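# Working through the structure, step by step
Take a look at the letters that make up each chain.
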Amino acid sequence: MAPLKHLEKENPIIDASFRYFCASHGIVTVEDFLLHDLEGLAAFADRQTNSDRLKEGITVMLSLVERQCHPWLNGMELLEDLQRNKHILSTGDKGTDSLLKGGFREGQVTELVGPSSSGKTQFCMQAAASVAEKHDGGVLYLDTGNSFSARRIAHFGSSSDTSLGQKVMSRISCHAVYDIYTMLETLQGLDITLRSQVQTNVNEHRLRLLVVDSISSLITPILGGNGSQGRALMVAVGYMLKKLAHEHSIAILVTNHTVGAGGEGGKTKPALGETWKSIPHARLMLSRDHKNSNCTISILKHTSMPSGQTMRITTHKANR
Amino acid sequence: MEAWRLPLSSSIRGKLISAGYTSLSSISSVSSSDLARDANITEDEAFEILKLANQSSGSSSYNGSGSLINGAKNAWDMLHEEESLPRITTSCSDLDNILGGGISCRDVTEIGGVPGIGKTQIGIQLSVNVQIPREFGGLGGKAIYIDTEGSFMVERALQIAEACVEDMEEYTGYMHKHFKANQLQMKPKDILENIFYFRVCSYTEQIALVNHLDKFISENKDVKVVIVDSITFHFRQDFDDLVQRTRVLSEMALKFMKLAKKFSLAVVLLNQVTTKYTEGSFQLALALGDSWSHSCTNRVILYWNGDERYAYIDKSPSLPSASASYTVTSRGLRNSSSSSKRVKMM
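Keep in mind that what you see is a predicted model, and the values were worked out from it rather than measured.

The subject of this paragraph is the overall build of chain A. Counting its secondary structure elements, chain A contains 13 helices and 11 strands. When burial is assessed residue by residue, chain A has 50% of its 320 residues classed as buried. Sequence-distant contacts in chain A: of pairs separated by 6 or more residues, those separated by 24 or more amount to 66%.

Following this line, the structure appears as structure tokens:
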């Protein structure tokens, strides 16, 4: 916990005499301050000569502490926020939309799991095209495997004859990320940018969908081995994504791959382990039957829908 | 801004956080000697931390240029870039057709197949074809060939290079007849000079080489293709700990992706096959496991169909699944001369 002297730069009331007073009661760090009996401290402060300044210092400390945690929200406020800010975005595919009763919900992190070449990147690109076109929203595509293809996205227009035009394509931005630290920095920078955009009210094409394809290739190099640092970073990324989604009303779509369940050699399970399982709000599993190239999407976990439902989806044919 | 996202070792990070320095602003406002004293670390370590903190707080400041994050590109601009991206021909027009013109730059392509199907031949052909000058429709670049199995044969490369030069001279002769064209300057030994060959004998050498490639390619900017033949060899027998193998391989895959994007070159990884028990039967699948299969942009599988060699696009973000046949001749890779020359679409 931070020693009190670091707070002096931004809050000049916490000067040397205040700190001396606190130290005389055994309070050196913020943690000590939180654990101490504050009423008793105020009573002691009364007896000092500079009691007003000391009491002001205590109030400033308390307000600093309160600023760190988010304000309480009651159910009505949450419902209002849901109805006003958090819309449902269509995924671009009718089957998936009917399976998810509308599509992705802003404010939630959806994970797409599937074995190799099952269509995850295609699904992501289709969702990006759909959000840019139908919902007039900005899309940010974070690509870890050089699989973003602008040509393919242009084919995902709603009418199969024309490809997407310049206005729609310019709403989709793509950025390549190759390691977990760059990812954390990028998300942090995005948070700051979005927060300052809210204040200047740039409402045209606000960011509505963030796609990370794929998050598992960033996390697999650090997971496992000695030390739990890899898992800590994975959870940190997960929390950052959820925070971004909720605060800025963005729908986030991440992709994950599957690994074989060791031992029996039978079913495959999603990678990244048990800790990651609880981080996304919704998990969808894609599987492709190579013999007749049918794609099936099924719900593994969802906040408002029963798991286990499946739907067949069609892959969009390329326009020649 | 949190201190936990700085790339530090976990023990130093733990000491930093327990001393109370959880945000980057608190780190940047303190001197290195104070930091060393409070967090119980050496002065040099404190100096490193300050440098990292200043770097990251500089880069995550507000970006006023309109794009959401630094370096993000617009899809419309990328569309035009993609259409003008050069491709490396494989000298077999059927194969080029299903690949959309050839092996694309900025992508990591994995090519795998049973032994004897022609993986090394494709590797040698690509390292010659990348050097075709721009006037003939090629890239005019150099090649890096990383050999882990010792299967690169210089005589074969010379043979293919001679065939390539002969084809180009024939084309120049045709151009001379109908138009004015320059004399071909290239000789087969020039082609061999432009292939940088690395022989790797263990997995640590392989990892070290991949780390070194960034610096090597910055000094030799003409390199347009990196071929690894094969990526599997040292990872199949030396590793006892499979979890560590997955980690090392995914790290290597990310490095290749970064190289491909940064220098706009093509990375071709040749892989071996193994048998996998799926859906009640044993099937051939590429080696190195499920996690590795996600680490490439495109995947091409080579297989035998009767007496013919076929190539099948297994994974691609923008190409449809298709297969085409090819043959390996003394002049290199060529179209197969069978009667049914139509490309089979899946």
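Residues and elements named next belong to chain B. Within the secondary structure layout, Gly 137 lies in the loop between α7 (119–129) and β5 (142–147). The class for Gly 137 is exposed, based on a relative accessible area of 62%. C-alpha separation for the pair Gly 137 and Leu 288, spaced 151 residues apart in sequence, amounts to 36 Å.

A few words on the interface of chain A and chain B. In this assembly, 66 residues from chain A lie in contact with 62 residues from chain B. The largest contributions to the chain A side of the interface with chain B come from Asn 146, Arg 151 and Tyr 178 of chain A, which together make up 13% of the buried area. At the junction of chain A with chain B, the criterion picks out one salt bridge. Residues Glu 82 of chain B and Arg 151 of chain A are paired through a salt bridge, measuring 4.0 Å at the closest nitrogen-oxygen approach. In this assembly, chain A and chain B are joined by 11 residue pairs in polar contact (both at pLDDT 80 or more). With 12 residues, the top contributor of residues to the side of chain A that touches chain B is helix α10 (residues 180–200) of chain A.

This part is about a nonpolar patch on the surface. Taken together, Met 76, Leu 79 and Leu 82 of chain A make up a surface patch of nonpolar side chains, about 270 Å² in accessible area. As for its placement among the helices and strands, Leu 82 of chain A is situated in helix α5 (residues 75–85).

For the structure on display, the rule yields 20 salt bridges over all chains. Arg 84 of chain A is the partner of Glu 80 of chain A in a salt bridge, and the nearest nitrogen-oxygen pair spans 3.2 Å. Here Glu 80 of chain A and its partner Arg 84 of chain A are both found in helix α5, four residues apart, which amounts to about one turn of the helix. Looking at Arg 84 of chain A, the relative accessible area reads 54%, which means it is exposed. One salt bridge connects Glu 111 of chain A with Arg 283 of chain A, and the closest N-O pair in it is separated by 2.6 Å. Here Glu 111 of chain A, found in strand β3 (residues 109–114), pairs with Arg 283 of chain A, found in strand β9 (residues 282–289); they are 172 residues apart in sequence, far enough to count as distant. Take Glu 111 of chain A: its relative accessible area is 0%, and that puts it in the buried class. Residue class for Arg 283 of chain A comes out buried when judged on its relative accessible area of 5%. Sharing partners across several salt bridges, the network here consists of Glu 166, Asp 167, Arg 331 and Arg 334 of chain B.

All names here are of chain A. Relative to each other, helix α3 (residues 38–46) and helix α4 (residues 51–68) sit at 155°, their axes nearing to 8 Å. In this view, α3 runs roughly antiparallel relative to α4, as classed from their interaxial angle. α4 is crossed by α3, and the crossing has right-handed handedness. Along its contact with α3, which presents Leu 38, Leu 41, Ala 42, Ala 45 and Asp 46, the element α4 presents Ser 51, Leu 54, Lys 55, Ile 58 and Leu 62. When the residues that make up the contact of α3 with α4 are grouped by side-chain class, the tally is seven nonpolar, one polar and two charged.

Here the focus is the packing of aromatic side chains. Each pair of aromatic rings is reported with the distance of its centres and the angle of its planes. Counting across every chain of the model gives 10 aromatic pairs over all chains. Here Phe 104 of chain A and Phe 123 of chain A contribute two aromatic rings whose centre-to-centre distance is 6.3 Å and whose plane-to-plane angle is 75°, an arrangement assigned as edge-to-face. One end of the pair, Phe 104 of chain A, is in strand β2 (residues 104–105); the other, Phe 123 of chain A, is in helix α7 (residues 120–134), with 19 residues separating them in the sequence. You can call Phe 104 of chain A buried: its relative accessible area is 3%. Taking 4.6 Å as the distance between ring centres and 50° as the angle between the ring planes, the aromatic pair formed by Tyr 145 of chain B and Phe 152 of chain B counts as tilted. The class for Phe 152 of chain B is buried, based on a relative accessible area of 14%. Chaining the aromatic ring pairs together yields one cluster made of Tyr 145, Phe 152 and Tyr 197 of chain B.

What follows concerns a negative patch on the surface. A grouping of Glu 43, Asp 44, Glu 45 and Glu 48 of chain B is seen on the molecular surface, where their side chains present a negatively charged patch. One can find Glu 45 of chain B in helix α4 (residues 43–59).

Bringing the nonpolar core into the picture now. Counting 41 residues, the largest nonpolar core has Ile 88, Val 225, Val 268 and Leu 302 of chain B as the members making the most contacts within it. It is helix α8 (residues 154–178) of chain B that provides the largest number of residues to this core, a total of six residues. With near-sequence residues (within four places) excluded, Leu 302 of chain B lies in contact with Ile 111, Gly 112, Gly 113, Val 114, Ile 117, Lys 119, Ile 122, Tyr 310, Ala 311 and Tyr 326 of chain B. Of all hydrophobic cores here, the second largest spans 40 residues; its members include Ala 132, Val 139 and Ala 251 of chain A together with Trp 76 of chain B.

What follows is about unusual backbone geometry. Following Asp 213 of chain A, the chain continues to Ser 214 of chain A via a peptide bond in cis, the omega torsion being -5°. Secondary-structure assignment places Ser 214 of chain A in the loop between β6 (207–213) and α11 (215–219). A cis amide bond links Asp 229 of chain B to the next residue, Ser 230 of chain B, at an omega of -15°. For Leu 272 of chain A, which is not a glycine, the phi torsion comes out positive at approximately 75°. Following the sequence through the fold, Leu 272 of chain A ends up in the loop between β8 (268–270) and α13 (273–277). One non-glycine residue, Arg 106 of chain B, lies in positive phi territory at about 70°.

What follows concerns the environment of Arg 87 of chain B. Among the structural elements, Arg 87 of chain B can be located in strand β2 (residues 87–88). We classify Arg 87 of chain B as partly exposed; its relative accessible area is 23%. A C-alpha to C-alpha distance of 19 Å links Arg 87 of chain B and Thr 120 of chain B, two positions 33 residues apart in sequence. Not counting chain neighbours up to four residues away, the residues in contact with Arg 87 of chain B comprise Arg 151 of chain A together with Leu 99, Gly 100, Gly 101, Gly 102, Ile 103, Ser 104 and Leu 139 of chain B.

This brings us to the side chain of Asp 147 of chain B. Residues and elements named next belong to chain B. Position of Asp 147 relative to the elements: it lies in strand β5. Within the buried set, Asp 147 has no salt-bridge partner at all; the shortest N-O distance to an opposite charge, 4.9 Å, is to Arg 199. Here the side chain of Asp 147 touches Gly 150 through a polar contact of 3.0 Å, landing on its backbone nitrogen. A polar contact of 3.3 Å, which involves the side chain of Asp 147, links it to the backbone nitrogen of Ser 151.

All names here are of chain A. As paired elements, β3 and β9 share four bridges and run parallel to each other. Within the sheet, the bridge partner assigned to Leu 112 lies in β9 and is Leu 284. In the sheet, β9 pairs with strand β10 (residues 294–301) via seven bridges, with the strands oriented antiparallel. Bridge assignment links Leu 286 to a residue of β10, and that residue is Ile 297.

About the criteria used
Per-chain numbering applies: the sequence of each chain, read as written, is numbered from 1 onward. Here every chain gets a letter starting at A, and every ligand a number starting at 1, in the order they are written. Whole-chain, interface and lining totals are the exception, using all residues; otherwise, since this is a predicted model, local features are given only for residues with pLDDT of at least 70 and side-chain atom pairs are given and counted only at 80 or more. Just so you know, side-chain values use all the structure's heavy atoms and leave hydrogens and water out. Labels follow the DSSP assignment, with helices taken as runs of H or I lasting at least four residues and strands as runs of E lasting at least two, numbered in each case from the N terminus. Note on classification: 1.4 Å probe, protein chains only; a residue is buried when its accessible area is under 20% of the maximum for its type, exposed when over 50%, partly exposed between these limits. Note on contacts: a residue pair is in contact if any heavy atoms of the two residues lie within 4.5 Å. In short, buried area is how much 1.4 Å probe accessible area vanishes from two parts on joining, totalled over both. Whenever a carboxyl oxygen of Asp or Glu lies within 4 Å of a side-chain nitrogen of Lys or Arg, that contact is scored as a salt bridge. Counting of polar contacts relies on pairs of N or O atoms within 3.5 Å, with two restrictions inside protein: one atom must be capable of donating a hydrogen and the other of accepting it, and residues adjacent in sequence are counted only when both atoms are side-chain atoms. Patch definition: residues above 30% relative accessible area lacking any salt bridge, with like charges linked at up to 9 Å and the nonpolar side chains Val, Leu, Ile, Met, Phe, Trp and Tyr linked at up to 5 Å. What sets the accessible areas is the Shrake-Rupley method with a 1.4 Å probe; for residues, cover comes only from the shown protein chains. Inter-axis angles, ranging from 0 to 180 degrees, are taken between N-to-C directions of lines fitted to C-alpha atoms, where helices are fitted over the stretch in contact. In these notes the angle categories are as follows: under 35 degrees is roughly parallel, over 145 is roughly antiparallel, 65 to 115 is roughly perpendicular, and the rest is oblique. For any pair of crossing helices, the crossing counts as left-handed if the nearer helix is rotated counterclockwise from the farther one by less than a right angle, and right-handed if it is rotated clockwise. Gly falls in the polar group here, along with every residue not listed as nonpolar (Ala, Val, Leu, Ile, Met, Phe, Trp, Tyr, Cys, Pro) or charged (Asp, Glu, Lys, Arg). Note on aromatic pairs: the rings of Phe, Tyr and Trp (six-membered ring only in Trp) are paired at centre separations within 6.5 Å, and the planes decide the class, stacked below 30 degrees, edge-to-face beyond 60, tilted for the rest. Only four residue types enter the tally: Lys and Arg on the positive side, Asp and Glu on the negative side, with His and both chain ends excluded. The location of each charge is read from NZ of Lys, CZ of Arg, CG of Asp or CD of Glu. In plain words, nonpolar cores are sets of buried Ala, Val, Leu, Ile, Met, Phe, Trp, Tyr and Cys residues tied together by side-chain atoms within 4.5 Å. When DSSP finds at least two bridges between two strands, those strands are taken to pair.

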